[in-house]
Amino acid sequence: MIKSIFRSVAVFSALVLMPACRKQVPGTAVATVDTLPGGIVRTMSASPTAWADSLTGWRLVLDHTIQPGEGEPGELLNPGSVAMSREGDVFVRDETPSVVKVFDTSGRYLRAIGHEGDGPGEFRGGFIAVRGDTLVIQDPRNARVTTFRASDGNMITSWRSTCCYWYPVSLDGEGRVVLYAMAQTDSGAVPAQALIRAHLDGSGLDTAWATQRPVPDSKRWIVKQGKNNLFMMQVPFQPQEIHSADPAGNLLTGWNGEYLIRTSRNGRDTVSLFGRQWTAEPVTGAERTAIVEKRIADQGGSTPEAVLRAAFNPDYIPNVRPAYNGINADLLGNRWIRLETADTVRVHYDVFDPAGRWLGAVSAAAAKWSGSYPPPAWGSDRVAVLIEDEEGKPAVLIYRIEKRGASR
């Protein structure tokens, strides 16, 4: 079991720091680098940034759209997961029936991989990732991982994994599959999220435990009718733990009530901490009211309105937003942190280099960008984003990561 992954840094602020230094790397903000006991390096960046979505910075440029017409080969029906190879080929796991559709770097449809079902080479849904010539499908319904050769669609192997946890699959720097599991505690210790890791053939399976900060019951909305609990819902803007496998070889995790993200090589150690100076954005009373009204409308009348209003107490919503709502890494090791902001027109990312130094900010039009789930697929110089167009039809947008004025 991996018990020490984050406990060594849970109280990092109470540790005595070794001498700090302020570093300015071309193309980055000013960073303060501290060395904690045990050699853990903490990099905290400060304003102003060297670039901020300006002529000297990076930007996301829409390159093309993947949206085959009705009845055409590769038509997208109900995509639920997207992956991108280092070369820029795009893999889309579609529903009805479940199949993976492959497109080249120009958006041309190439082939289908797999079939819906329970037999060899079949799956009922799930999430995909790709590394080299291997496509990985984690199917929670069948509780198994199946791998295919990406170049021709032939099945390689299949092995028993975990069921019921609907969360994207990742591949770490050692080429291992990283899956979320239902277990939420480490043998009675502090609450922790189980992360199952295994090589592509299913060998070498182990469990990492990512420590969770407990959320009080008063911070969840519990919908009750009489003495019966109908369902429970996370309160919006409630800080939570977010995890991601870094293709560069790290496990990234952070509690988004602060702007500090931890990295680990193997789940047993803490290599470094990185983040930046941050001031939480307020959540207004009008926003709280609007959130409650939308949640009630989203139920579509399935539960009496009075019952929902009794549960969806707007006072439970925090008065400030968390720092971020997504941790991502491209295939070059840059970290893309999706910020939690009040801006409904654009989505905003902070970009950190592999050493944890803040490079600057990048944004994209919110109308042409998906929510944080399912997450975009980050390649080496491109990113694929699942969306619905104005007519409600699915599409995949391919953005180039354009590095204007970059010194790297």
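Every chain is numbered on its own, with residues counted from 1 as its sequence reads. Given that the model is predicted, a residue must reach a pLDDT of at least 70 before its local features are reported, and side-chain atom pairs must reach 80 or more before they are shown or counted; all residues, however, enter totals for whole chains, interfaces and linings. Each side-chain value is derived from all of the structure's non-hydrogen atoms; neither hydrogens nor water enter the calculation.

Enquirer: Run through the pattern of salt bridges, naming residues and quoting values.
Expert: Here the idea is simple: oppositely charged side chains can pair when their charged atoms come close. Every case where a carboxyl oxygen of Asp or Glu lies within 4 Å of a side-chain nitrogen of Lys or Arg is listed as a salt bridge. Inspection of every chain in the model, using the stated rule, returns 20 salt bridges. Where R124 meets D118, a salt bridge forms, and the shortest distance between an N and an O atom there is 2.9 Å. Residue D118 is classed as partly exposed on the basis of its relative accessible area, which comes to 46%. Residues joined by salt bridges that share partners form a network here, namely R59, D63, R400 and E402. Burial classes follow relative accessibility: with a 1.4 Å probe on protein chains only, a residue under 20% of its type's maximum area counts as buried, one over 50% as exposed, and anything between as partly exposed.

Enquirer: Tell me about the nonpolar core, residues and numbers included.
Expert: Counting 19 residues, the largest nonpolar core has W58, L60, W336 and W369 as its most contacted members. Taken together, the elements giving at least two residues each to this core come down to β5 (58-66), β28 (346-352), β29 (358-365), β31 (382-388) and β32 (394-403). Under the scheme used here, helices are H or I runs from DSSP no shorter than 4 residues and strands are E runs no shorter than 2 residues, and both carry numbers assigned from the N terminus. Of all the elements, β32 adds the most residues to this core, at four residues. As used here, the term nonpolar core means buried Ala, Val, Leu, Ile, Met, Phe, Trp, Tyr and Cys residues forming a set that is joined through side-chain atoms within 4.5 Å.

Enquirer: I'd like a description of unusual backbone geometry, backed by residues and values.
Expert: For residues that are not glycine, phi is negative in most cases, and the peptide bond is trans in most cases. In this structure, P97 follows T96 across a cis peptide bond, with omega equal to -5°. The phi dihedral of A143 is positive, around 50°, even though this residue is not glycine. Its location among the elements puts A143 in the loop between β13 (134-139) and β14 (144-149). The backbone of F237 shows a phi angle near 70°, a positive value even though the residue is not glycine.

Enquirer: Tell me what's going on with the pairing of strand β24 (residues 260-264), and back it up with residues and numbers.
Expert: Counting buried residues in β24 gives five out of five residues, a clear majority hidden from the surface. DSSP-based pairing: two strands are paired if at least 2 bridges between them are found. In the sheet, strand β23 (residues 250-255) pairs with β24 via three bridges, with the strands oriented antiparallel. Within the sheet, the bridge partner assigned to T253 lies in β24 and is R262. Between β23 and β24, which follow one another and run antiparallel, lie four residues. Bridging between β24 and strand β25 (residues 272-276) involves four bridges; their strand directions are antiparallel. Bridge pairing in β25 links T263 to S272.

Enquirer: Run through the side chain of T303, naming residues and quoting values.
Expert: Checked against the element boundaries, T303 lands in the loop between α2 (285-298) and α3 (305-311). Since its relative accessible area comes to 9%, T303 is described here as buried.

Enquirer: Got a sec to walk through the packing of aromatic side chains? Specific residues and values, please.
Expert: Here is the rule: rings of Phe, Tyr and Trp (six-membered ring for Trp) pair when centre to centre is within 6.5 Å. Planes less than 30 degrees apart are stacked, more than 60 are edge-to-face, and the remainder are tilted. Tallied over the full model, the rule gives 16 aromatic pairs. Look at Y349 and W378: their rings are 5.4 Å apart centre to centre, the planes differ by 75°, and that puts the pair in the edge-to-face class. Of the two residues, Y349 is situated in strand β28 and W378 in strand β30 (residues 377-378); the sequence distance between them amounts to 29 residues. Between R276 and the ring centre of W358, over which it is positioned, the NZ or CZ distance is 4.6 Å. The residue whose ring lies beneath K403 is W58, and the NZ or CZ to ring-centre distance is 4.6 Å. The criterion for a charge sitting over a ring is simple: Lys NZ or Arg CZ within 6 Å of the ring centre, and within 35 degrees of the ring normal.

Enquirer: I'd like a description of the sheet that holds β5, backed by residues and values.
Expert: One open sheet holds the four strands; their spatial order is β5-β32-β31-β30, and the pairing between them is antiparallel. A single partner strand is all that each edge strand has here, and the edge strands are β5 and β30. Bridge analysis of β5 against β32 gives eight bridges, and the strand direction is antiparallel. Each bridged residue has a counterpart across the sheet, and for V61 the counterpart in β32 is R400.

Enquirer: Mind laying out the sheet that holds β13, listing which residues take part and the relevant values?
Expert: Sheet strands line up and pair through hydrogen bonds in the backbone, either parallel or antiparallel. In space, the four strands of this open sheet follow the order β12-β13-β14-β15, with antiparallel pairing throughout. At either end of the open sheet lies a strand with only one pairing partner, and these are β12 (127-131) and β15 (155-160). Strand after strand, the sheet turns through a mean of 15° between neighbouring axes, direction not considered. Summarising the sheet, β13 and β14 pair through six bridges and their orientation is antiparallel. Among the inter-strand pairings, T134 is bridged to a residue of β14, identified as R149. As a rule, the C-alpha atoms of each element are fitted with a line to give its axis, helices using only the stretch in contact, and angles between N-to-C directions run from 0 to 180 degrees.

Enquirer: Go over the side chain of Q138 with me, naming the residues and quoting the values.
Expert: Looking at the secondary structure, you find Q138 in strand β13. Judged by relative accessible area, which is 2%, Q138 ranks as buried. Here a polar contact is taken to be a pair of N or O atoms separated by no more than 3.5 Å, where protein atoms must pair a possible hydrogen donor with a possible acceptor and residues adjacent in sequence count only if both atoms sit in side chains. Within polar-contact distance, the side chain of Q138 engages the backbone oxygen of T162 at 3.0 Å. Two residues qualify as a contact provided that any one of their heavy atoms is within 4.5 Å of a heavy atom in the partner residue. Residues within four places of Q138 in sequence aside, it is in contact with G125, G126, F127, R144, V145, S161, T162, V169 and L179.

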